Amino acid sequence: MRKLLSLTMMALATSTAFAGGYRVSLQGQKQLAMGHTGVAVVNSAEVLFFNPAGAVYLKDRFTASVGGNALFARTKYQSLENNLRNSTENTGTPISAYIAYKATDWLSVGLAVYTPYGSAVEWDKDWDGAHLVNDIDLKAFYIQPIASVKISDQFSVGGGPIYVSGSVNFNRNVGRSVADEQGNKTDLTIDKSGVNAWGWSAGFMFNPTDKIRIGVNYRSEITMKARNGSATVNQVPAYLSDAPTSPQDIVLGNTTFNANLPLPAELTAGFSVQLTDKWLVAVDYNRTFWNVYDALIVDFKQTPTSQIPQSVNPRNYKDASTYRIGVQFKPNEKFSFRAGTYFDESPVQKGYFAPETPRNDSVGYTGGLTYMITSKLGVDVSFLYLHFKEINASYDHYVEDGNPNVSFGGTYKNVVFSPGIGLSYSF
Amino acid sequence: MKMKNNKFIYLAVLAAVFASCEPEFDNKVTNGSYSAGEADFSSYVAIGNSLTAGYMDGTVYRSGQKYSYPNILSQQFALVGGGDFTQPSYEDDVNNTGGFLLGTTPITATKLIINTSTGGPQPIAGVPTSNVATLQATAYNNMGVPGAKTFHLLAPGYGNLAGVATGQANPYFVRHATSPAATVLGDAMTKNPTFFTNWIGNNDVLFYAISGGTGVNQAGNTNPATYGPNDITDPQVFAGAYSAIMDALTSKGAKGVCATIPSVTSIPYFTTVPFNPVPLDAATTAALNQGFAQYNGGLQLAQAGGLISADEAAKRKITFHAGAGNAVTIEDESLTNLSALGIPSYRQATAADLVVLPASSFIGTTVGGNPLQVNGVSVPLADKWVLIPSEITAIENATDTFNTTIKTIAASKGIPVADMHAVLKQLVTGIASADGQIYKAGYFSSATANTVVFSLDGIHPNARGYAIVANEYIRVINEFYKAHLPYVIPGSYPGATILTSNN
């Protein structure tokens, strides 16, 4: 039964893009409703994600939170210069599940399952940016056992190893004008699932008074190493599928590929203040170390029937910050109301705005509530509305016939909306 | 009741929330984002020659014709009130090979393709299916007639089937002339153009250049009826014809754009084959130098006798060296005629000469299989293979004169000029597209498969090149007529047809 449950959860764990880069901030209904703050909040088992050190301060012996979001991410693209219009609409259902168990007064253990990274974009096939991306689907599924140790009532530490299972599927055209004999554009898909990697997270929590908590949490960088994934070419003209006839001529055939995709480290620091019995305020600062995403490099295995050259796609991401604030109002034991907002800075630099992750700076507005069905069981509801300013941006580093600076750009506008629901149980 | 109202309000709020989930641009691009300015594109007619017809790879073929610049332009015009745009029918080009039959006899070649099994460009296998004798008798919006010179547009009978065999008529125009006596311009005017592009004039000098300068510069002869196909048109004849065309086009107040004649000597047809492509081993070098020793000796005698200058003697002296980079030998009719002494007018080519593209498959071949009779080496290239400096000067002078005429007449009608002459000059060093790609005027190679803009005939643009041409027209239209038309992206237009076999 337990095994079945975990398999079902795996199947559900599809996450879809938005937020800076391919980071998806939907890791708990209660905290999402508070602007996705939480490094210094001890509210529920969601703290396992936000700051494992806080788990030991949970009052109940057993605390669990499970939830999921329906994510609607829409992006529109247009170019006045060239009269181009396109859009992508993607839905996803990222989930999270947290279980904390207070083994002793000073030790809590837990298990966290969440999907902090992912991206799905699907433009019209052979659209004007198809040489950069037709469609992409990245998924990363984190499973993390956690220990949380109370040093004193004022100070605790926590952390644990992270096991990641991820997948990638990425399709794009091999050129802007390369087509088969019927005029169908030639494209290439790389696909790999079951990419596994390990990482860790650790944090501490400091409670200078019984009203104030301060928290710091660090989640390590994890590099997803796709090895021997499948690389499939479609609609290849005969001259690119036969033996080469000149040094420039290559054979495009099905082969395998290797590529690394970094899931960057994230440092969060913040505090919360219990203003009154009813009001709680939390402030978080995230720093995501995106500069590790320097380039997407795909190496194709060279075989007699396939000599796809190495694909180097400069990304040149920069470290990016997110500023969050959230409040909780708990008028009675039955209801809690939450609201928050955050500013999420894009890691994408000028000239590197690729339509595979067309995200610029955004402002999130969140809200939600908890209704306690019984004293032990509560239902959590949240929503997120992510507002992006429209942006004129381009990707200026496409390589064509030896020119490494071919540009594709226009105006992009995103909207993300995500209602979520979850259950919390404690005793 | 109250409950119901509340429910309705909740639903309305929910609907509003989801609706706001749709991203909306501050200024959404729609057809209404563009404007025709002072131009009226409701009836657009394109006047011109092969460059206007969408000719590429040595012919007009069904799929290539779609990429004619007028057809590209018409799609942009359609955003701002442009009407239907029709082109001569190539429905009968069923195998998409291009080329014409006259009756059952092929009279023009099929399109050029790259055959990777042999490496070079060659006409695609197959027999043309488009028949010159299948008369469409229809005036089209695209009145580009491949081969037409300026005065041809005014010539009755240019579309008469009976004249094809004698060279008096043009097979392309024959297929769609509304009657045997129709003129190209007359048919064009039946479309009542509100807007035109006029890119005529290239062939008035281009054919002379393509022929390697074998034609005659007819400056001074104002009777075009006496011209051969490869002659340069007299400037007065050119100006008269151009004026008459512009009078007609603007007679009902139509607006339009004229275009200048490209610098024909900058196209790959003349710049691809180097003057010095011949590699030689030591033994062959010695044999050749010995073979030309008598000729070189004769030059010294002629110089000693005062028949030629020391300069000319030096210029005519033929010497080879072992290794690569030997210049081809050519016949140069501009040299002092020493035939009375039995000395032919030979010299070696220099960088100032332009060797035509077809010479690439001629240089190095032997005459009648005789290994001692090698074309371009022991047997100098005839006039038609090479443009010599005096011919190049004649071409450039004529081109400049014609372009001045085009600009003057266009200005007198208040019509702007797309300076394709300047565009091609830029193409020699490279034109930067808005996306940062650099396009140059080279011939196809696998290293430039995505950026080559000339078709395999080395004279006409490919689809990508016509997109660049279209963008130049758009630039001029936007600027002069205060229109706002979107540009096209040359990089997404196709290049050469590449096949692995040609059977």
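About the thresholds
- The numbers attached to residues start from 1 for each chain and follow its sequence in the written order.
- All chains are assigned letters beginning at A, and all ligands numbers beginning at 1, according to the order in which they are written.
- A pLDDT threshold of at least 70 governs which residues receive local features in this predicted model, and a stricter bar of 80 or more applies before side-chain atom pairs are shown or counted, although totals over entire chains, interfaces and linings include all residues.
- Secondary structure elements follow DSSP: runs of H or I of four or more residues count as helices, runs of E of two or more count as strands, with numbering from the N terminus.
- Working definition of burial: number of other C-beta atoms within 10 Å of the residue's own, with buried at 20 or more, exposed at 12 or fewer, and partly exposed in between, all C-beta atoms being placed from the backbone.
- Every axis in this analysis is a line fitted to C-alpha atoms, fitted for helices over the stretch in contact. Angles between the N-to-C directions lie between 0 and 180 degrees.
- Should an angle fall under 35 degrees it is called roughly parallel, over 145 degrees roughly antiparallel, and 65 to 115 degrees roughly perpendicular, with every other angle called oblique.
- Each crossing gets its handedness from the near helix: less than a right angle anticlockwise from the far helix is left-handed, clockwise is right-handed.
- For the purpose of contact definition, each residue receives a C-beta atom placed from its backbone, and two residues are in contact when these atoms lie within 7 Å.
- Put simply, Ala, Val, Leu, Ile, Met, Phe, Trp, Tyr, Cys and Pro go in the nonpolar bin, Asp, Glu, Lys and Arg in the charged bin, and everything else, Gly too, in the polar bin.
- In this scheme, strands are said to pair when DSSP sees at least two bridges between them.
- Segment limits for the domains were obtained from an automatic or database-derived domain assignment.

1. Considerations on the overall build of chain A
Argument step 1. Each helix and strand counted, chain A has four helices and 21 strands in total.
Argument step 2. Projecting the C-alpha coordinates of chain A onto the three principal axes gives extents of approximately 75 × 45 × 35 Å.
Argument step 3. Evaluated residue by residue, chain A yields a buried proportion of 51% over its 427 residues.

2. What about the packing of helix 8 (residues 235-250) of chain B against helix 13 (residues 389-412) of chain B?
Residue and element names in this part refer to chain B.
Argument step 1. It is at 10 Å that the axes of helix 8 and helix 13 come closest, and there the two elements cross at 30 degrees. Relative to helix 13, helix 8 is oriented roughly parallel. In the crossing of helix 8 with helix 13, the sense of the turn from one axis to the other is right-handed. Contact residues: Pro235, Phe238, Ala239, Tyr242, Ser243 and Met246 in helix 8; Thr401, Phe402, Thr405, Ile406 and Ile409 in helix 13.
Argument step 2. In the contact of helix 8 with helix 13, the residues fall into eight nonpolar, three polar and no charged.

3. Examining the sheet that holds strand 21 (residues 498-499) of chain B
Residue and element names in this part refer to chain B.
Argument step 1. Pairing in this open sheet of three strands is mixed, and the strands run 5-4-21 from one edge to the other. The open sheet is flanked by strand 5 (121-123) and strand 21, the only strands paired with a single partner.
Argument step 2. Examined bridge by bridge, strand 4 (residues 112-115) and strand 21 share two bridges and lie parallel to one another. By the bridge assignment, Asn115 is partnered in strand 21 with Leu499.

4. A word on the domain arrangement of chain B
Residue and element names in this part refer to chain B.
Argument step 1. Under the domain assignment used here, chain B contains domain 1 (36-265 + 389-499) and domain 2 (278-348 + 354-387).
Argument step 2. Using C-alpha coordinates to define each centre, domain 1 is positioned 37 Å away from domain 2.
Argument step 3. Taken together, the contact between domain 1 and domain 2 spans 10 residues of the former and nine residues of the latter.
Argument step 4. Counting residues per element, the side of domain 1 that touches domain 2 draws most heavily on helix 13, at three residues.
Argument step 5. Tallied by class, residues from the side of domain 1 that touches domain 2 come to two nonpolar, seven polar and one charged.

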